[in-house]
Structure formats: C-alpha cells, structure tokens
Amino acid sequence: LNAYEKIAIGDVHVFGSHTFTAEAIKRFAAKYDPQYFHTDEAAAKNSLFGGLCASGWHTASAMMRLLVTHFDAEEAKARAAGEPVLVSGPSPGFDDLRWPNPVYPGDTVTFTARIVGKRISKSRPGWGLLSMTTTGVKQTGKVVFVVTTHAFVETGNAVA
Amino acid sequence: MPKQYFEDFSAGQIFELPDVPISREDIIEFSRQFDPQVFHLQDATPITEFGGGLIASGWQVCALFMRLLDDGLLLDSSCAGSAVVETRAWPNNAKLGLVRFHHEIFNQHRERTMMMDNAILFGRRSAS
C-alpha cells in the first residue's frame, strides 16, 4: 500500500497543545482582528465574553501550525522507517468552522483530528482530497474550535 | 454610538469592504509562524500541479478578511461576538440579534479567491 492507500477513515491524529498568552492574543488581534474584546482587557470585561479572548482566526492559525508540525514529524518518521511518505498539497477550503466557547489568556488548547473522508480527485490526476475534522479542547474540557478541512494529497497509483 | 445595529441590517444588503495589498514578505512572515508548508514559504515549489509559485496560507486570507470586515463594518457597529459561533451557546435575549452573511473576496484581477458564509451577533438598537 502506498501512503494514500494506508490512510483509513477514522484515523486519529493528536496535533498537540498551544497555550494562548494575553500578549500573543493582543498582538494577533492588533494586526488582524482589532475588536475591543480581542485587544483591551478592561473594555473586554463588559463584552459578551466577559474578558479578553483570542480572535477565532488566531485559534485557527495556532491549530494550523500544530497540524503542519505534526504531519512533518509523521513524514520524518515514515522516511526513517523506509515507509511510503504522504505528499500533501494546498487546501481548497474548509467547512463547518465553529468557535463554541472563547479562548481566554492562559488557556491551553489541545487539537485532535479525525480523518472523515478521502477520494480521488476528478480534476487533478494523481491527486486526491483528504478531509479531516479537527477539534480544539481546552484544559477545562470545553470545546473551543471545530473545523473540517480538506487538502490535496498525492495518490500515486491508488485507484480508490 | 455605533453606526450599525442589528435593526439596521436587511436581507440583500451589500457592504463593500476596503482592500488591502498582500506582499511576498507578508505571506512568508505569516507562514513561518502559522503555516510553514513549502508552497507558503518559497517562490518556486516542487508542487507544480498547483502553479508552483508562492501562495498565501488560506488562514492568512481569512485573517486579512477579518481585518477588512472589522475596518469596513464591525468596528463601527454593535458587533457583540464572533462569527460562526454556535448560537445556542449564547444567551437568548432581547439584546442581541444574529445576522447571516455571504462574503466574497477578490484579487486585483477580479478573480474570486475566497467565499465564506457566517453569522455574526449584533446588539439591538432597542437595547442600547
């Protein structure tokens, strides 16, 4: 089996954890999402969130960093073991992104993905689309992030 | 007083947001921190099926879009919280209303680079 064929629906990948500091939350927000509940601790107390919280795009970006690091490590492991290596390309997008609870300063979020779909691409020979649902859970057990992402991966000579 | 409350939105309304340039350096800086895949870091990439050149992380496009949405609409509004939230998680009261949006992002050639549907909570004028 090649690297694409070895992927099974239901496979779980634990990407790891990221701790959000007030400083990083405000730095990201100053550049990309300067709403007061992401930039100003005092003013944020009067918001629906009750305090400073991370931009949802900051949470998504932190997840992406852990995703890339995880799959780079998987690739290195496969290479070292002489096993087939999965080549991934860009993503055409994502579905059903949700931020069910806020991420506050000091929160540590652990991201875990489950493979939910794979199919051979009709438009790009030699490539397939891999779909995974990634969930971010913080130390209290509350879910703060859910998204289903899709990415092109090389299929080699796989037929399904 | 903010300009835009929940009551001020109506179905079919169109908001033109400002635009923002994105440089090669911007792309690489974001990618180094958040999405260090080869096609987000290098001018020439081995993945030629997708053009083979440097492309921005989709998350950076989302983040830049958020900035334009803030600057063009949300900062002068009663926006109370994040888009795409699970609405039942929020208090169901007379102070807030949910507005659903369809967003389209174009490049300078008027090619559509991203689409997104979401929902954003706004404070009601009647409750302010």
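Our structure is the block above this text.
What comes next is a walk through the structure. What you see is a predicted model, and the numbers here were worked out from it, not measured in a lab.

### A few points about the sheet that holds strand 1 (residues 79-81) of chain B
Residues and elements named next belong to chain B. With antiparallel pairing, three strands are arranged side by side in an open sheet as 1-3-2. The open sheet has two edge strands, strand 1 and strand 2 (96-106), and neither has a second partner. The sheet shows a mean angle of 50° between the axes of neighbouring strands, taken without regard to direction. Sheet topology places strand 2 next to strand 3 (residues 112-123); 11 bridges connect them, and they run antiparallel. The residue bridging Phe-101 from the neighbouring strand is Asn-118, located in strand 3. Contacts between helix 2 (residues 58-72) and the sheet are confined to strand 2 and strand 3, with strand 3 contributing the most and set at about 50° to the helix.

### A short note on the environment of Ser131(A)
Residue and element names in this part refer to chain A. Following the sequence through the fold, Ser-131 ends up in strand 4 (residues 127-138). For the pair formed by Ser-131 and Ile-9, sequence separation is 122 residues and the distance between their alpha carbons is 9.2 Å. Leaving out residues up to four positions away in the same chain, Ser-131 has contacts with Arg-114, Ile-115, Val-116, Gly-117, Thr-149 and His-150.

### Concerning the packing of helix 4 (residues 56-80) of chain A against helix 1 (residues 24-34) of chain B
Each packed pair of helices is defined by two parameters, the angle between the axes and the distance between the axes. Axis separation between helix 4 of chain A and helix 1 of chain B bottoms out at 8 Å; the angle between their running directions is 70°. With respect to helix 1 of chain B, the axis of helix 4 of chain A lies roughly perpendicular. Between helix 4 of chain A and helix 1 of chain B, the residues in contact are His58(A), Ser61(A), Ala62(A), Met64(A) and Arg65(A) and Phe30(B), Arg32(B), Gln33(B) and Phe34(B), respectively. When the residues that make up the contact of helix 4 of chain A with helix 1 of chain B are grouped by side-chain class, the tally is four nonpolar, three polar and two charged.

### Observations regarding the interface of chain A and chain B
Opposite the 34 residues of chain A that make contact, chain B presents 37 residues. For the pair chain A and chain B, the summed buried surface comes to about 3200 Å²; carbon and sulfur atoms form 67% of the total. Broken down residue by residue, the surface that chain A buries against chain B is led by Tyr32(A), Leu48(A) and Trp57(A), which jointly contribute 22%. Taken together, the connections running from chain A to chain B amount to one salt bridge.

### Section: the nonpolar core
Taken as a class, soluble globular proteins show a tendency for nonpolar side chains to be buried jointly. Phe15(A), Trp57(A), Met63(A), Phe145(A), Trp59(B), Leu74(B) and Phe122(B) are the most contacted members of the largest nonpolar core, which totals 55 residues. A per-element tally of this core places helix 4 of chain A first, with eight residues. Trp59(B) has contacts with Trp57(A), Ala60(A), Ser61(A), Met63(A), Met64(A), Phe94(A), Leu97(A), Val147(A), Thr149(A), Phe30(B) and Asp35(B), leaving out every residue within four places of it along the chain. If you look at the next biggest cluster of nonpolar residues, it comprises six residues, including Trp127(A), Phe152(A), Phe39(B) and Phe50(B).

### Regarding unusual backbone geometry
A positive phi angle, close to 55°, is found at Asp96(A), a residue other than glycine. Structurally, Asp96(A) can be placed in strand 2 (residues 93-98). Using a relative accessible area of 61% as the deciding quantity, one classes Asp96(A) as exposed. Despite not being glycine, Arg110(B) shows a phi value in the positive range, around 60°. Its location among the elements puts Arg110(B) in the loop between strand 2 and strand 3. You can call Arg110(B) exposed: its relative accessible area is 63%.

Reading the values: rules and limits
- Residues numbered from 1 in each chain as written.
- Chains lettered and ligands numbered in written order.
- Predicted model: local features only at pLDDT ≥ 70, side-chain atom pairs only at ≥ 80, totals over all residues.
- Heavy atoms only, no water.
- Pairing = 2+ DSSP bridges.
- Helix = DSSP H or I, 4+ residues; strand = E, 2+ residues; numbered from the N terminus.
- Axes fitted to C-alpha atoms, helices over the stretch in contact; angles between N-to-C directions.
- Contact = heavy atoms within 4.5 Å.
- Parallel < 35°, antiparallel > 145°, perpendicular 65-115°, else oblique.
- Nonpolar A, V, L, I, M, F, W, Y, C, P; charged D, E, K, R; others polar.
- Buried area = accessible area lost by both parts, 1.4 Å probe.
- Salt bridge = Lys/Arg side-chain N within 4 Å of Asp/Glu carboxyl O.
- Core = buried A, V, L, I, M, F, W, Y, C linked by side-chain atoms within 4.5 Å.
- Buried < 20%, exposed > 50% of the residue type's maximum accessible area, 1.4 Å probe, protein only.

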